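An overview of the molecular structure
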Amino acid sequence: MINTILGIEIGGTYIRVGIKKTNTLNDHTQYKIVKKKISIRDNLFEEIEDELFTFIDMILEKEKLAINRIGLSIAANFDRKTGEIIYWSNNPKWEGCNIKEKLKKKYGTEVLMEDDANCGALGEFYYGYRGKLNSMIYLSIGTGLGAGIIINKSLYVGDFGKAGEIGHVISGLGDSLCSCGQRGCYQSIISGKALLNDYFRESNKKAADIQSLMNKVKMNGNIESKLLFRFINILSNCIYNLVMLFDISHIVLGGGMVQFIIEYIPKIQEIVNEQLKIFKRSVNIIESKCNENAGVFGALCLKE
Ligand SMILES: [Zn+2]
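All residue numbers refer to position in the chain's written sequence, counted from 1. Only residues with pLDDT of at least 70 get local features here, since the model is predicted, and only at 80 or more are side-chain atom pairs given and counted; chain-wide, interface and lining totals rely on the full set of residues. Calculated side-chain values reflect all of the structure's heavy atoms, with hydrogen atoms and water omitted.

Naming follows an unreviewed UniProt entry, where the protein appears as Glucokinase of Blautia pseudococcoides. UniProt's Sequence similarities (unreviewed entry) comment on the protein is quoted here verbatim: "Belongs to the ROK (NagC/XylR) family." UniProt positions are given in the numbering used here, feature names are shortened, and annotations may be inferred rather than shown by experiment.

In structure tokens form, the structure reads like this:
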């Protein structure tokens, strides 16, 4: 049997499992990742339990692995003492579920847990940028908006373990209703869901998805271009605020929306640096290197 740690990421539609041999812990080029489509959204844990554990068991058996530790990445708000899920906007049926305990009981091993933005930050820090940065903020722009903060090579989680909730920082720009019930949160403007909502509000038409909306931008549709311009400007404003607050020189953009705005990253950096000039600092806005695997890489990095 080979001693390993497992990194498990549970998303809305996929589970990803990262495998790392314990004798290669500091070598971030050595790993294996497997993923499986499991319809987690809309199902109770009990409804997918067998499928989830069978998938993990199959990996362990096939690779002849013994688990020393499990790191778990989940896009939910959870109790740091117990591991119980408190709030998961994309999957409310899992609220109250203690997946950490269930994994611990099933595999008889230590289970460490972090939210997806914090895991994404660790993944980019160690696997994407190979520990070469001193501090960075991983800004995850997908259906929602979140951040993971690395300061002096360590993850900063805050006094309540909930640092990085930039999505619910009130921007003072616009009055769109956020999923948290407040108005004008950054997430209600800078996220895929917000962009689709704004498009509907402005045009009275529904875009099938972000891709179709962005195709229209490329055809120079007026409403679409205006919305993208606003998105880019408010994202720049958000990054400026983060840099002013944390004095961090590297912002890593990740999440499902990044592929659609990648060509605008130099423009965003230019806008932010112009604002930062009078404060004698600058920022490098860089793209995710781990893409969809940032969270599972981060789960592999979790330590007590
Ligand atoms: Zn909010």
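Structure shown, so let's carry the discussion forward.
Remarks on the coordination of the zinc ion
Taken together, the protein ligands of the zinc ion are His 168 (ND1), Cys 178 (SG), Cys 180 (SG) and Cys 185 (SG), with distances of 2.1 to 2.4 Å. The site at the zinc ion holds four donor atoms, and with the angles between them running 101 to 130°, its shape is tetrahedral. Each donor residue of the zinc ion lies on one chain, and together they are spaced H-x9-C-x1-C-x4-C. With His 168 in the loop between β10 (154–156) and α4 (192–203) and Cys 185 in the loop between β10 and α4, the pair connects residues that are 17 residues apart, well separated along the chain. By relative accessible area, His 168 is classed as partly exposed at 26%. Relative accessible area decides the class of each residue, using a 1.4 Å probe on protein chains only: under 20% of the type maximum gives buried, over 50% gives exposed, and in between gives partly exposed. A residue is classified by how much of its surface remains accessible, and Cys 185, at 0% relative accessible area, is buried. The donor set comprises N, O and S atoms within 2.8 Å of the metal, extended to 3.2 Å for Na, K and Ca; water molecules are omitted, so apparent gaps in a site may simply reflect that omission. Tetrahedral means four donors with every angle between 85 and 135 degrees, whereas square planar (four donors) and octahedral (six donors) require angles over 155 degrees between opposite donors and between 65 and 115 for all others; sites fitting neither are termed irregular. Comment: elements are numbered from the N terminus, with helices defined as DSSP H or I runs of at least four residues and strands as E runs of at least two.

Quick word on helix α2 (residues 99–107)
The complete set of buried residues in α2 reads Ile 99, Lys 100, Leu 103 and Tyr 107. Looking down the long axis of α2, one finds its buried residues gathered within 105° of arc, a one-sided arrangement. We call two residues in contact when some of their heavy atoms are within 4.5 Å. Considering only its buried residues, α2 is in contact with β1 (2–10), α1 (45–63), β4 (65–74), β6 (85–87) and β7 (110–115). Count one or two residues on from α2 and you reach Gly 108, which has phi positive near 55°. What the arc covers is the set of directions going from the helix axis to the C-beta atoms.

With respect to α4
Each helix should span, by expectation, one fewer than its residue count multiplied by 1.5 Å. For α4, with twelve residues, the first-to-last C-alpha span of 17 Å sits near the 16 Å given by 1.5 Å per residue. Every buried residue of α4 is listed here: Gly 192, Ala 194, Leu 195, Asp 198, Tyr 199 and Ser 203. Taken down its axis, α4 places every buried residue within 160° of arc, on the same side. Structurally, α4 contributes buried residues whose contacts are with α5 (210–218) and α6 (222–246). Two residues or fewer past α4, Asn 204 is found with a positive phi of approximately 65°.

A word on the environment of Tyr 14
Here Tyr 14 shows up in strand β2 (residues 14–21). As for Tyr 14 and Trp 94, which are separated by 80 residues in sequence, their C-alpha atoms are 15 Å apart. Once residues within four sequence positions are removed from consideration, Tyr 14 is found in contact with Glu 9, Lys 35, Lys 36, Lys 37, Ile 38 and Ile 40.

Notes on the nonpolar core
Here the nonpolar core consists of buried residues drawn from Ala, Val, Leu, Ile, Met, Phe, Trp, Tyr and Cys, with membership extended through side-chain atoms lying within 4.5 Å. If you look at the biggest cluster of nonpolar residues, it comprises 42 residues, and the most contacted ones within it are Leu 139, Ile 141, Ile 190, Ile 239 and Leu 253. Mapped by element, the contributors of at least two residues to this core are β8 (136–141), β9 (145–151), α4, α5, α6, β11 (250–254), α7 (258–261) and α8 (265–276). Broken down by element, the residue count for this core peaks at eleven residues, all from α6. Each residue touching Ile 239, except ones within four places of it in the same chain, is listed here: Leu 139, Ile 251, Leu 253, Ile 268, Val 272 and Ile 285. Counting residues in hydrophobic clusters, the runner-up holds 32 residues, among them Ile 15, Ile 38, Leu 60 and Trp 88.

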